[in-house]
Amino acid sequence: MSSESEQSSSLVIPQKSDCMYTACFCEENIWQLAKLILDLNKSTPNMKCYVIFVSNYNKCVHLWNQNSSHNEGLVFWDYHVFLIVQHLDNTLVFDMDTRLPFPVPFAQYAKEAIREEFKESHSKRYFKVVDADVFVAKFSSDRNHMIEEGGWMSPPPPYPPILNEDKVHNLDNFISMDPSNEFGPVLNLEEFKARFS
């Protein structure tokens, strides 16, 4: 048996209280979380980690069990970002803005947070699946999308903006659900559930 296979096969999961969080900056929260989980699990075999962007062409998508709502937790976001970790037979969702457990099994998140589509075609959701290591390496945000008339729409994180080596803002490329866009495949709800169920 090789020394690699003798290493711990258990997934290292951070406590939610140990994760960086800034309201309304889900993409940065998940960048920090993805980096942390990848770092903690460098020796964990068979772990796959994905950053999920959910949006659509109208930038209006719904999720339930979100902390910022009082109505069944129903929230309409222009986009939202969460993390999926697959290890052995477990598929876990890490959503920093959910009322559900942290992490939560994918089946429970799909049933209680994603639920079904509304009948209106303009609200149909799409899911971009990005490898977490690609997101950590390539994501770059100057935070200008959160500035309105010279002021912050919501206070920014306390650390400097996350910039890749090119230092060019590319958040919109991650949010875009154009299938020809870079960074990862774009799935509809049925395809997304099938991939991770």
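Residues numbered from 1 in each chain as written. Predicted model: local features only at pLDDT ≥ 70, side-chain atom pairs only at ≥ 80, totals over all residues. Heavy atoms only, no water.

### Some details on the overall build of the chain
For clarity, the cut-off: Counting from the N terminus, the helices are the DSSP runs of H or I reaching at least four residues and the strands are the DSSP runs of E reaching at least two. Atoms counted for the radius of gyration: C-alpha only. Globule rule: 2.2 Å times the number of residues to the power 0.38. For each residue, the accessible area found with a 1.4 Å probe, counting protein chains only, is set against the maximum for its type, and the residue is called buried under 20%, exposed over 50%, and partly exposed in between.
When helices and strands are tallied, the chain shows 6 helices and 10 strands. Computed over C-alpha atoms, the radius of gyration of the chain comes to 17 Å, within 12% of the 16 Å expected from 2.2 N^0.38 for 197 residues, which places it in the range of a compact globule. When the backbone C-alpha atoms are referred to their principal axes, the chain occupies close to 60 × 40 × 35 Å. Put simply, the chain has 197 residues, and 48% of those count as buried.

### Topic: the nonpolar core
So the rule is basically this: Among the buried residues, those of types Ala, Val, Leu, Ile, Met, Phe, Trp, Tyr and Cys that are joined through side-chain atoms within 4.5 Å form a nonpolar core.
Counting 33 residues, the largest nonpolar core has L33, V51, F53 and L83 as the members making the most contacts within it. In terms of residue count, the dominant contributor to this core is helix α2 (residues 26-40) (6 residues).

### As for the packing of helix α3 (residues 106-114) against helix α6 (residues 189-196)
This is how it is decided: Axes here refer to lines fitted to C-alpha atoms; in helices the fit is confined to the stretch in contact. Angles between the N-to-C directions go from 0 to 180 degrees. Roughly parallel means an angle under 35 degrees; roughly antiparallel, over 145; roughly perpendicular, 65 to 115; everything else is oblique. A clockwise turn of the near helix away from the far one marks a right-handed crossing, whereas an anticlockwise turn of less than a right angle marks a left-handed crossing. By definition in these notes, contact holds between two residues if any of their heavy atoms fall within 4.5 Å.
Where α3 contacts α6, the axes come no closer than 10 Å and their chain directions differ by 155 degrees. Taken together, the axes of α3 and α6 are roughly antiparallel relative to one another. Helix-helix and strand crossings are classified by hand; for α3 and α6 the assignment is left-handed. Residues F106, A110 and I114 of α3 touch α6, and the partners they reach there are L189, F192, K193 and F196.

### Thoughts on the UniProt feature "domain: Protein N-terminal glutamine amidohydrolase alpha beta roll" (unreviewed entry) in the chain
Stated formally: UniProt positions are given in the numbering used here, feature names are shortened, and annotations may be inferred rather than shown by experiment.
Here the UniProt-annotated "domain: Protein N-terminal glutamine amidohydrolase alpha beta roll" (unreviewed entry) positions come out as residues 21-196. Across residues 21-196 one finds 25% helix and 24% strand; the C-alpha atoms that close the span lie 26 Å apart.

### Some thoughts on the packing of aromatic side chains
For clarity, the threshold we go by: The aromatic pairing rule takes the rings of Phe, Tyr and Trp, using the six-membered ring of Trp, and pairs them if the centres are within 6.5 Å, calling planes under 30 degrees apart stacked, those over 60 edge-to-face and the rest tilted. We call a charge positioned above a ring when the Lys NZ or Arg CZ atom is no farther than 6 Å from the ring centre and deviates by at most 35 degrees from the ring normal.
Under the definition given, this model contains 17 aromatic pairs. Ring plane angle 65 degrees and centroid distance 5.5 Å describe the contact between W64 and F118, whose orientation is recorded as edge-to-face. With W64 in the loop between β2 (61-63) and β3 (75-77) and F118 in the loop between α3 and β7 (126-131), the pair connects residues that are 54 residues apart, well separated along the chain. Accessibility expressed as a relative area gives 7% for W64, which makes it buried. The exposure class assigned to F118 is partly exposed, which follows from its relative accessible area of 28%. Centroid distance F135 to F139: 4.9 Å. Interplanar angle 35 degrees. Geometry classified as tilted. For the pair F135 and F139, a shared accessibility class is recorded, and that class is buried. Aromatic ring contacts, followed pair by pair, group Y50, F82, F106, Y109, F127, F192 and F196 into a single cluster. Sitting over the face of the ring of Y50, R195 holds its NZ or CZ atom 5.1 Å from the ring centroid.

### Description of the pattern of salt bridges
Counted only if it meets this: The salt bridge definition used is simple: a Lys or Arg side-chain nitrogen within 4 Å of an Asp or Glu carboxyl oxygen.
Within this structure, the stated rule accounts for 4 salt bridges. We note a salt bridge from E28 to R143, for which the minimum N-O separation is 2.8 Å. Here R143 lies in the loop between α4 (132-138) and β8 (147-148) and E28 lies in helix α2, a separation of 115 residues in the sequence. With a relative accessible area of 4%, R143 lands in the buried category. K193 is the salt-bridge partner of E116, the closest N and O atoms lying 3.2 Å from each other. Taken together, the residues E116 in the loop between α3 and β7 and K193 in helix α6 connect sequence positions 77 residues apart. The class of E116 is exposed, set by a relative accessible area of 51%.

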